[in-house]
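So you can see what is in the structure, the chains are spelled out below.
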Amino acid sequence: FVSLGHDNHGDYDLSFAEVASYIGRDAHIRFSSLLYVLERVKRLSGLKKSIDENDLVVGDRWDISNWPHQGAKHPEGVDWDWINWLKHAERVELGFPAPNLVMYLSLPEEHRQAARAIREGIDIHESNAEYQRRVEEMYMKVAQRESFKIINCLREGRPERKTIDEVAEEVW
């Protein structure tokens, strides 16, 4: 339940479905996105300090990862209005620094799935292959729109993964 407060008419405790229907069709995506934003807010001062004190700061999935992961849950596919809303909330309203460069390491879902099969402790999203495919599609759309550097982690013309050193060479 979500508590919306209290006034002279009584409590306003509503189920999330009721809140979503009040706010609109994409309320659940916006709400869940904001939970991840709040998690990053806790780390924002440390990130800003690192940026101030260093020439290079490398991050692993910051605000940008929220766009494809939450966007993959959108029933109608890519919603650029929602992504723009989230980007504005994070970058303008909250002051999250925008990266100078984003590299997307592209690896098809079937290869990621094989890697997860030997790992323990995967979460509900990682175990959902269809969701992971939608996330991959979203990442590619966002990467193209936002001009990310896309690094293909498969060998040219062959369905096998590049080594860590081969990928690192493309990154650096």
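Notes on the structure in this doc start here. (Residues numbered from 1 in each chain as written. Predicted model: local features only at pLDDT ≥ 70, side-chain atom pairs only at ≥ 80, totals over all residues. Heavy atoms only, no water.)

## A few points about the packing of helix H4 (residues 80–93) against helix H6 (residues 129–145)
Which entries qualify depends on this criterion: Note on geometry: axes are C-alpha line fits, over the in-contact stretch for helices, and angles between N-to-C directions span 0 to 180 degrees. A run of DSSP states H or I qualifies as a helix once it reaches four residues; a run of E qualifies as a strand once it reaches two. Both are numbered from the N-terminal end. In what follows, roughly perpendicular refers to angles from 65 to 115 degrees, roughly parallel to angles under 35, roughly antiparallel to angles over 145, and oblique to any angle outside these ranges. By definition, any crossing whose near helix is turned counterclockwise from its far helix by less than a right angle is left-handed, and any crossing with a clockwise turn is right-handed. Between two residues, a contact is recorded if the distance between any of their heavy atoms is within 4.5 Å.
Look at H4 against H6: their axes get within 13 Å of each other, and the N-to-C directions meet at 70°. With respect to their mutual orientation, H4 and H6 come out roughly perpendicular. For the element pair H4 and H6, the recorded crossing hand is right-handed. Between H4 and H6, the contacting residues are Trp80, Ile83 and Asn84 on the first element and Met138, Lys141, Val142 and Arg145 on the second.

## What to know about the environment of Arg145
Structurally, Arg145 is set in helix H6. Along the chain, Arg145 and Trp80 lie 65 residues apart, while their C-alpha atoms are 9.9 Å from each other. When neighbours within four sequence positions are excluded, Arg145 is seen to be in contact with Trp80, Ile83 and Asn84.

## Details of the side chain of Glu90
For Glu90, the location among the structural elements is in helix H4. With residues up to four places along the chain from it excluded, the contact list for Glu90 reads Val37, Arg40, Asp63, Asn66, Trp67, Gly95 and Phe96.

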